[in-house]
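Inside the fold
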There are 4 protein chains.
Amino acid sequence: MSKAPNPARRRESSRRAILAATAELCSQFGYGRLTIEAIAARAGVSKKTIYRWWPSKGAVALDLLDETATVAAAPPDTGDLAADLHSMLTEIIGMLTPPHNAPGPGVIAEALHDPDLARELRERLVRPRIATFRQRLRRAQDAGQLHPDADLDVALDLLYGPLYHRLALHLGMPDPAYLHSLIAHVLRALTPPTSSAPH
Amino acid sequence: MSKAPNPARRRESSRRAILAATAELCSQFGYGRLTIEAIAARAGVSKKTIYRWWPSKGAVALDLLDETATVAAAPPDTGDLAADLHSMLTEIIGMLTPPHNAPGPGVIAEALHDPDLARELRERLVRPRIATFRQRLRRAQDAGQLHPDADLDVALDLLYGPLYHRLALHLGMPDPAYLHSLIAHVLRALTPPTSSAPH
Amino acid sequence: MSKAPNPARRRESSRRAILAATAELCSQFGYGRLTIEAIAARAGVSKKTIYRWWPSKGAVALDLLDETATVAAAPPDTGDLAADLHSMLTEIIGMLTPPHNAPGPGVIAEALHDPDLARELRERLVRPRIATFRQRLRRAQDAGQLHPDADLDVALDLLYGPLYHRLALHLGMPDPAYLHSLIAHVLRALTPPTSSAPH
Amino acid sequence: MSKAPNPARRRESSRRAILAATAELCSQFGYGRLTIEAIAARAGVSKKTIYRWWPSKGAVALDLLDETATVAAAPPDTGDLAADLHSMLTEIIGMLTPPHNAPGPGVIAEALHDPDLARELRERLVRPRIATFRQRLRRAQDAGQLHPDADLDVALDLLYGPLYHRLALHLGMPDPAYLHSLIAHVLRALTPPTSSAPH
DNA sequence: TTGTAAGCGAGACGGTACGTCCGGTCTTCCG
DNA sequence: CGGAAGACCGGACGTACCGTCTCGCTTACAA
């Protein structure tokens, strides 16, 4: 039987060193060349220590991503729905097209093989953002800006989907203009048809 | 200088054996456990022969995918735009959630790291299907079923994007009902607003 | 920079398993068919472990030879110089024409290409035996059995040389009679000329 | 059944190109790095052509050695036995310590594993020289310069042996002075003891 | 004089082993 | 007694040569 390590005894300095080493190696050589061995060496840490607290390098990178990410706290509500969506999408775009060699795409790639990692990714990174998203959309719906029957799950797929699509095919993330067009189209799909008769 | 091998001398039987072995191993153990070494052994082929004709296991899997895929020849045009989109999307969904352990997602994961593979993937698998797609949409546009200013690139992103989105996060491919809803929303975004009562 | 492994942490059981496997494979298939890969497999050891401690298969075989060899401790001194030389040469002959497929000739062949291995061979196997040899000859010289000006280096060449000569050309090691004649000739070359006045 | 190739149809230009390429590669990279593939490439020749006429790279090198070697025709007889032996030994020393990276030692090393090559080596390179050697010694014996019972086989071993001995252990070939001493010792072993005071 | 059968270049092929890299586990010893 | 250090087994990597095997093409002997 494998004894679970006692988190209370975990040495914080090692944890930080490992994440820092991961970040450095990742930005230096890319996620593809990232290695548990290299992380251990760079962090001055035993491989065992890494394996004790993380199941895979993807999990380490996910932790790194989590710490790095802007805390997506409250749903921004400037009153302008399109602008709010724009800013929320832009945060994700930032994670998927980082300065260079960021861990984001690597973690996604690994999650394709690794259901556990995929679950962690959903629970810890994606879910809170989705919640924020849905909250904002619902508020718009309540305000009559969206069709009352509009499917918010579909809205999510329509807005986030293109990012993954373009990521997977190396098509480049949408520039602001394109993103604007994207949002406009989606909003048109969700807008009550009667909105066209103003007077 | 690396000399390029002469394709004329390529032995077709080896090529087929390699693709067959790849298919078997992939469906048996999954793309993740796929190995050049195992392919060579199973195909009764020297590793060198694989490396001579493919740069990576992803490239082999891509070839396999390419051969396996239904030839997406002419744009289906039953007159019912939604139905046509539905059938085109279903083909892709089939490639991304195959019977079991199909190479599709694996190749996409690998393409995230490997720009060359991503390019091949785009050129050989994706492009022809996109062409078909766009052709069908344009015809609908010409027929006045879509808004004349509708951005067809956006339409592509909106329709394909959700598949990649759900794939990346292990959310499961859309079932037919959901897909129907998705298409309905997108079409609403593209439909001329005045289509109902112009005057 | 390659870090040198720490010998204190070396696992003795692996070392012994490797040497044992080498011996078995060598006697079974001959030094020529000996392979690092096969040694590792037979010893139940990772190839890395072999490469960590030995630079080449020749070095492994040399270690084996070293352990196997009779410890050539004190110079035998029965009073009969010819007999002592005979027994010392016989030990070497044993190493060069072992029961079957012994590593001796293989190591020598490899040493012809590999200066490092040749040095090890000289230092660890040959040197102590030469020392013993020279010691015995010097004692004979002191006792007036040899010419006081006799060159002991030449004596070494004359006595050992024929073994390598015959080994290189597959002429078979000298049988005892021939060896006897050889020694007699060499001793005649080293004997004081005045020994011919018996009365 | 493998049909023996017809030597009459052999293309001389290929044969020469192969030997030339072997010589160049050998002197450039050493016998150890010599490769059938490299020879074929450098000679502008198909590998098959090499395998058609030679069983191994050692055999090619042996041919090269044979062509290169000075024809050891008649036994030199200047009247001075020691000087004649000296010159004969010097020829061999030249083959074993060539300018640099000569094939000599490599062929000998390979012959240690390969009985066929060893036989060829003996028959074609060594035998004629031994014959010359023995002829010269016998003439000296007939002239009363050597003991009538002296064993000429032993003499051969004593004179050639040291060269192989020193070659095998990377001790460097004898310099002229040492060689002189060697010969003097051997001759002393072979000289009639009564040569000083016959009556 | 013209087949036609060999030698030939080119080089793809099935193999075997190489030496390296990294994943995960296990052991030793230090603080 | 937790953790650094790192040796260890396992297994895949991509490469280098081996010796065999078609391919077309010349080249010289025989019909």
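Residues numbered from 1 in each chain as written. Chains lettered and ligands numbered in written order. Predicted model: local features only at pLDDT ≥ 70, side-chain atom pairs only at ≥ 80, totals over all residues. Heavy atoms only, no water.

Description of the protein's contact with DNA strand F
Where we set the bar: We call a residue near a given molecule or strand whenever any one of its heavy atoms falls within 4 Å of it. For the purposes of these results, a polar contact is taken to be a pair of N or O atoms within 3.5 Å, where, inside protein, one atom must be able to donate a hydrogen and its partner to accept one; residues adjacent in sequence count only when each atom of the pair is a side-chain atom. By the criteria applied, helices consist of DSSP H or I runs no shorter than four residues and strands consist of E runs no shorter than two, each listed in order from the N terminus. Under the grouping applied here, Gly and all other residues not named as nonpolar or charged are polar, the nonpolar ones being Ala, Val, Leu, Ile, Met, Phe, Trp, Tyr, Cys and Pro and the charged ones Asp, Glu, Lys and Arg.
Close to DNA strand F lie 34 residues, the nearest being A:T49, B:Y51, C:T49, C:W53 and D:K47. Near the protein, meaning within 4 Å, the atoms of DNA strand F are sugar or phosphate in a fraction of 61%, with bases accounting for the rest. Within the side chain of B:Y51, one N or O atom sits 2.4 Å away from a phosphate oxygen of DNA strand F. Contacts to DNA strand F include C:T49, whose side-chain N or O atom sits 2.7 Å from a phosphate oxygen. Going through the elements one at a time, α3 (47-53) of chain A, α2 (36-43) and α3 (47-53) of chain B, α3 (47-53) of chain C together with α2 (36-43) and α3 (47-53) of chain D are the ones with two or more residues in the surface near DNA strand F. Residues of the surface near DNA strand F, tallied by class, amount to seven nonpolar, 11 polar and 16 charged.

As for the side chain of C:T22
Residue and element names in this part refer to chain C. Formally: Exposed residues in this analysis have more than 50% of their type's maximum accessible area, buried residues have under 20%, and partly exposed residues fall in between, with area computed by a 1.4 Å probe over protein chains only. Here a residue-residue contact requires only that any non-hydrogen atoms of the pair lie within 4.5 Å.
You can see T22 is positioned in helix α1 (residues 12-29). The buried category is assigned to T22, whose relative accessible area is 1%. If near-sequence neighbours (up to four positions away) are discounted, T22 is found in contact with L34, I39, V60 and L64.

Comments concerning the packing of helix α9 (residues 176-190) of chain A against helix α8 (residues 152-168) of chain B
Applicable threshold: Here the axes come from fitting lines to C-alpha atoms, over the contacting stretch only for helices, and the angles between their N-to-C directions go from 0 to 180 degrees. Throughout this description, any angle smaller than 35 degrees is read as roughly parallel, any larger than 145 degrees as roughly antiparallel, any in the 65 to 115 degree range as roughly perpendicular, and the remainder as oblique. Each crossing gets its handedness from the near helix: less than a right angle anticlockwise from the far helix is left-handed, clockwise is right-handed.
Where α9(A) meets α8(B), the axes come as close as 10 Å, and the angle between the chain directions of the two elements is 70°. Overall, the two elements α9(A) and α8(B) adopt an arrangement that is roughly perpendicular. Two packed elements cross with a definite hand, and for α9(A) against α8(B) that hand is right-handed. Residues A:Y178, A:S181, A:L182, A:H185 and A:V186 of α9(A) pack against B:D153, B:V154, B:D157 and B:L158 of α8(B). Taken together, the residues of the contact of α9(A) with α8(B) sort by class into five nonpolar, two polar and two charged.

Looking at the relation of the copies chain A and chain B
Going by this rule: When the copies are overlaid, the least-squares fit takes in C-alpha atoms only where the residue has pLDDT of at least 70 in both copies.
Of the transformation superimposing chain A on chain B, the axial component is 0.0 Å and the angular component is 180°, with the fit at an RMSD of 0.1 Å. Viewed as a symmetry operation, the transformation between the two copies matches a two-fold axis. Mapped onto chain B, 100% of the interface residues of chain A are again interface residues, and the two copies thus contact each other with one and the same surface.

Brief notes about the interface of chain D and chain C
Heads up, the condition is: Take the accessible area each of two parts loses on contact, using a 1.4 Å probe, and add the two losses: that sum is the buried area. One side-chain nitrogen of Lys or Arg within 4 Å of one carboxyl oxygen of Asp or Glu is enough to make a salt bridge.
Opposite the 40 residues of chain D that make contact, chain C presents 40 residues. For the pair chain D and chain C, the summed buried surface comes to about 3,500 Å²; carbon and sulfur atoms form 70% of the total. The largest contributions to the chain D side of the interface with chain C come from D:L112, D:D157 and D:L169, which together make up 19% of the buried area. Where chain D touches chain C, the interface holds two salt bridges. When the shortest N-O distance is used, the salt bridge between D:R166 and C:D157 registers 2.5 Å.

Topic: the domain arrangement of chain A
Residue and element names in this part refer to chain A. So the rule is basically this: Where each domain begins and ends is defined by an automated method or by a domain database.
The domain architecture assigned to chain A consists of domain 1 (10-53) and domain 2 (67-193). Placing the centre of domain 1 and that of domain 2 at their C-alpha centroids yields a distance of 30 Å. Taking both sides of the interface into account, the surface hidden between domain 1 and domain 2 amounts to around 550 Å²; carbon and sulfur atoms contribute 48%. For the pair domain 1 and domain 2, the number of links is two salt bridges. A salt bridge links R15 to E67, with the nearest nitrogen and oxygen atoms 2.4 Å apart. The interface formed by domain 1 and domain 2 includes two residue pairs in polar contact (both at pLDDT 80 or more). Of the residues belonging to the side of domain 1 that touches domain 2, the class tally is four nonpolar, three polar and two charged.

Here's the deal with helix α7 (residues 115-142) of chain D
Residue and element names in this part refer to chain D. This is how it is decided: The quantity called bend is, for any residue, the angle between two axes fitted respectively to the seven residues ending at it and the seven beginning at it.
Along α7, the helix axis deviates most sharply at V126, where the bend reaches about 50°; the proline P128 sits within four residues downstream. Three or more residues of α7 are buried, namely L117, A118, L121, L125, V126, R129, T132, F133, R136, L137, A140 and Q141. Residues of α7 that are buried sit in contact with α4 (57-68), α5 (81-96), α6 (103-113) and α8 (152-168). Measuring from the backbone nitrogen of D116 back to the side-chain oxygen at the start of α7 gives 3.0 Å, which picks out D114 as the cap. Positive backbone phi, at 80°, marks G144, one or two positions downstream of α7.

Side note on the protein's contact with DNA strand E
Taken together, 38 residues lie near DNA strand E, and A:K47, B:T49, B:W53, C:Y51 and D:R11 sit nearest. Each atom of DNA strand E within 4 Å of the protein was classed as base or backbone; sugar and phosphate made up 64%. Separating a phosphate oxygen of DNA strand E from a side-chain N or O atom of D:W53 is a distance of 2.8 Å. Counting only elements with at least two residues in the surface near DNA strand E, the list comes to α2 (36-43) and α3 of chain A, α3 of chain B, α2 (36-43) and α3 of chain C together with α3 of chain D. Of the residues assigned to the surface near DNA strand E, the class counts are 10 nonpolar, 12 polar and 16 charged.

Side note on the packing of helix α7 (residues 115-142) of chain A against helix α8 (residues 152-168) of chain A
Residue and element names in this part refer to chain A. At a minimum axis distance of 10 Å, the contact between α7 and α8 shows a crossing angle of 120°. By the angle between their axes, α7 is oblique relative to α8. Taken as a pair, α7 and α8 cross one another with a handedness that is right-handed. Between α7 and α8, the contacting residues are R129, I130, F133, R134, L137, R138 and Q141 on the first element and L152, D153, A155, L156, L159 and Y160 on the second. Residue classes in the contact of α7 with α8 are distributed as eight nonpolar, one polar and four charged.

A word on the layout of surface pockets
Put simply, the rule reads: Cavities and pockets are defined on a 1 Å grid built over the protein atoms alone: a cavity is a set of grid points where a 1.4 Å probe fits but cannot escape, while a pocket is an open set with protein on both sides within 12 Å along at least five of seven lines, and lining residues are those with an atom within 4 Å of any such point. Grid points are joined across faces, edges and corners, and a volume is the space filled by probe spheres set on the points.
In this structure, the largest pocket spans a volume of roughly 680 Å³. Taken together, 24 residues line the largest pocket, and the ones lying closest to its centre are C:N101, C:P105, C:H170, D:L112 and D:H113. Of all the secondary structure elements, the ones that give two or more residues to the lining of the largest pocket are α6 (103-113) and α8 (152-168) of chain C together with α6 of chain D. Split by residue class, the lining of the largest pocket holds 11 nonpolar, nine polar and four charged.

Quick notes on the interface of chain A and chain B
Listed as interface residues are 40 residues of chain A and, on the opposing side, 40 residues of chain B. For chain A, the biggest contributors to the area lost against chain B are A:L112, A:D157 and A:L169; these three give 19% of the whole. Here chain A and chain B share two salt bridges between them. Inspection of the region where chain A meets chain B yields 16 residue pairs in polar contact (both at pLDDT 80 or more). Secondary-structure elements contributing two or more residues to the side of chain A that touches chain B are α6 (103-113), α7, α8 and α9 of chain A. With 13 residues, α8(A) is the single largest residue contributor to the side of chain A that touches chain B. For the side of chain A that touches chain B, the per-class residue count stands at 26 nonpolar, seven polar and seven charged.

So, the confidence of the model for chain A
Residues and elements named next belong to chain A. The following threshold applies: The predictor rates its confidence in each residue with pLDDT, a number between 0 and 100.
Summarising the model, chain A shows a mean pLDDT of 84, and 87% of its residues fall at 70 or more. Summarising per-element confidence for chain A, the mean pLDDT is lowest in helix α5 (residues 81-96) (87) and highest in α8 (92). Contacts of residues 195-199 to residues separated by more than four positions or lying in other chains number zero contacts, the stretch itself having pLDDT below 50.

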